[in-house]
Amino acid sequence: MAQRAGSADMPLHGGRVPQWLGQRMARLGGIIAQAIIHHYGRDEFLRRLAHPFWFQSFGAVIGMDWHSSGITTSVIGALKRGLAPVSHELGLHVCGGRGRHSRRTPDELLLVGERTGGDAAAWVRASRLVAKVDSAAVQDGFDLYLHGFIVTDDGNWTVVQQGMNGTQRLARRYHWLSEGLRSFVEAPHAAIEGRRQGQIVNLTDHRAASSRLGQLELLGNLGPDRIVDEVARLRGTATPGTMDMPFLPHLLMPAHHDVRPADVVLRRLHGALAAAAQCGPQDFAELLLVPGVGARTVLSLAQVAEVVHGAPCRFSDPARFSLAHGGKDREPYPVPVAVYDRTISVMKAAVAAAKLGNEERLDAIRRLDRQARRLERHVTGPSLPQFIAGERHRSHAYGGRSVFGHEPPPTLGMECGG
């Protein structure tokens, strides 16, 4: 049976992704997805998308606000755009999205079925059932507004959908995975992200089986009119307490937008810094044959490599992955566009070479991840505030940019290679 993977809180966060960043997010997100599929297969990529901690970290490493609800829209949109040109080659298709795009999901699934010969009718039914369960069977105060359906040619799928509670300014993300799914109405979720807020109605809990059966019996014996009368008669009486949900790993996305020391496992950052300094400017750039790659770009590559190869326990601090390419709102610092573009170039060249049978470049990125994990056991480095201050000081040299514009040169500073 499908297993819940965890929960998390995300504050609702306004604003739009600027075009200059959105295009890069689509390219880098698509390339990372291709690297994962190349190494581990399509089903493993679906499992990653169904893991709320990994999903949040993935969104952060491609430059979206690390803690906000917008990360869901951005990741689904980036994957949809970035993978569209290679979806036939990969055998993986991203459908749906936010608002009107979510309502087009059935039509998009039918088109995928026509092209691939897949059971589109079953996918459409699954899409509608998943949406109904999270909007009606789980009554937690969140109204769905986003529905992403990712399906493979083999018929396996992941659904990521999100609801909002405007009063509390919170969002909740729901993850579903078809692997092992036996029932849409009894404990079907791969994960539900959202703060525990007291009593909710969750008719998908396995302990609610008798309640589901009882409702069917009531409908058959009393009819809808009698049921409404009984509800009116009982209104105002004490509601029986619902049982707590089973314990799940809980990811709490704080309301503060800045990245603070408590948000980051610092030894992991120090490991990536050390790996970038030791194997970056000398042999790593030569191996990848991409001009201009220095230690700063290799630091970003080390974090991208962790998203590709890291175990689930590595994603307990999604904020750390925002240190790869910053954020559009200048938190933790402006997006270093020059570094971002070199990261895309390195990953694109590595994936392209691997498709032709040359694994050397992708293997080098995997070795970078391994070295960072080895080094983090004993290396030290700057504090998080020091690291962020350094990035902001050098931002102009890296092509720093945010929704506020291009970063000006520092009054007193030094230029630094990427």
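Residue numbers run consecutively from 1 along every chain, following the written order of its sequence. Residues qualify for local features only when their pLDDT is at least 70, as the model is predicted, and side-chain atom pairs are given and counted only at 80 or more; totals for whole chains, interfaces and linings, by contrast, use all residues. Side-chain metrics rest on all non-hydrogen atoms present in the structure, leaving aside hydrogens and water.

Participant: Explain helix α3 (residues 52-61) to me, please; I cannot follow it from the model alone.
Facilitator: Residue pairs spaced three or four apart in an α-helix point in one direction, given the helix's 3.6 residues per turn. Exposure categories follow from relative accessible area, calculated using a 1.4 Å probe and restricted to protein chains: below 20% of the type maximum is buried, above 50% is exposed, and the middle band is partly exposed. Comment: elements are numbered from the N terminus, with helices defined as DSSP H or I runs of at least four residues and strands as E runs of at least two. Of all ten residues in α3, ten are buried, a share of seventy percent or more. One or two positions beyond α3, positive phi appears at G63, with a value near 105°.

Participant: Teacher, can you tell me more about helix α4 (residues 70-83) here?
Facilitator: Helix span, expected: 1.5 Å multiplied by one less than the number of residues in the helix. Between the first and last C-alpha of α4 there are 20 Å, a value that for 14 residues agrees with the 20 Å anticipated at 1.5 Å per step. The buried fraction of α4 amounts to eleven of the 14 residues, a majority that puts the element mostly inside the structure. Three or more residues of α4 are buried, namely G70, I71, T72, S74, V75, I76, G77, A78, L79, G82 and L83.

Participant: Just checking my understanding: could you explain the layout of surface pockets for this structure?
Facilitator: Unoccupied space between atoms shows up once a probe the size of one water molecule is rolled over them. Roughly 830 Å³ of internal volume is contained in the second largest pocket. Contributing to the lining of the second largest pocket are 31 residues, with R16, V17, T73, S74 and R98 lying nearest its centre. When contributions to the lining of the second largest pocket are tallied by element, the ones reaching two or more residues are α1 (19-40), α4, β2 (92-98), α6 (100-103) and β4 (143-152). If you tally residues by element for the lining of the second largest pocket, the top one is α4, at eight residues. Tallied by class, residues from the lining of the second largest pocket come to ten nonpolar, 15 polar and six charged. Both site types are read off a 1 Å grid over the protein atoms alone. A 1.4 Å probe that fits but cannot get out defines a cavity, while an open set with protein on both sides within 12 Å along at least five of seven lines defines a pocket; lining residues have an atom within 4 Å of a point. Grid points are joined across faces, edges and corners, and a volume is the space filled by probe spheres set on the points. Three residue categories are used. Nonpolar comprises Ala, Val, Leu, Ile, Met, Phe, Trp, Tyr, Cys and Pro, charged comprises Asp, Glu, Lys and Arg, and polar comprises the others, including Gly.

Participant: Whenever I open this one, the pairing of strand β6 (residues 170-177) confuses me. Can you help?
Facilitator: Along any regular strand the residues' side chains alternate between the sheet's two faces. Counting buried positions along β6 gives eight out of eight residues, so the element sits mostly inside the fold. Every second residue of β6 is oriented toward a common face, with L170, R172, Y174 and W176 on one face and A171, R173, H175 and L177 on the other, all of them buried. Sheet analysis places strand β5 (residues 157-165) next to β6, joined by eight bridges and oriented antiparallel. Considered in β6, the bridge of T158 is made with L177. In this scheme, strands are said to pair when DSSP sees at least two bridges between them. Counting the residues in the hairpin turn of β5 and β6 gives four residues, including R169, whose phi is positive at 60°.

Participant: Even after reading the chapter, I still don't get the pattern of salt bridges, so can you show me in this structure?
Facilitator: Any carboxyl oxygen of Asp or Glu within 4 Å of a side-chain nitrogen of Lys or Arg constitutes a salt bridge here. Scanning the entire structure with this criterion turns up 22 salt bridges. Of the charged contacts, one joins E108 and K80 as a salt bridge, the two residues approaching to 2.9 Å between their closest N and O atoms. Taken as a pair, E108 in helix α7 (residues 105-116) and K80 in helix α4 lie far apart in primary sequence, 28 residues in all. The shortest N-O distance in the salt bridge between D329 and K328 comes to 3.2 Å.

Participant: Would you mind going over the confidence of the model for the protein with me for this structure?
Facilitator: Predicted coordinates in regions of low pLDDT should not be interpreted in detail. In predicted models, pLDDT denotes the confidence assigned by the predictor to each residue on a 0 to 100 scale. Averaged over every residue, the pLDDT of the protein is 83; the share at 70 or more is 75%. Whether two residues are in contact is decided by their heavy atoms, any of which lying within 4.5 Å being enough. Ignoring residues within four places in sequence, the model shows residues 236-248, a span with pLDDT below 50, making 16 contacts including any to other chains. Residue range residues 413-417 is modelled with pLDDT below 50. Its contacts to residues more than four positions away, or to other chains, number nine contacts.

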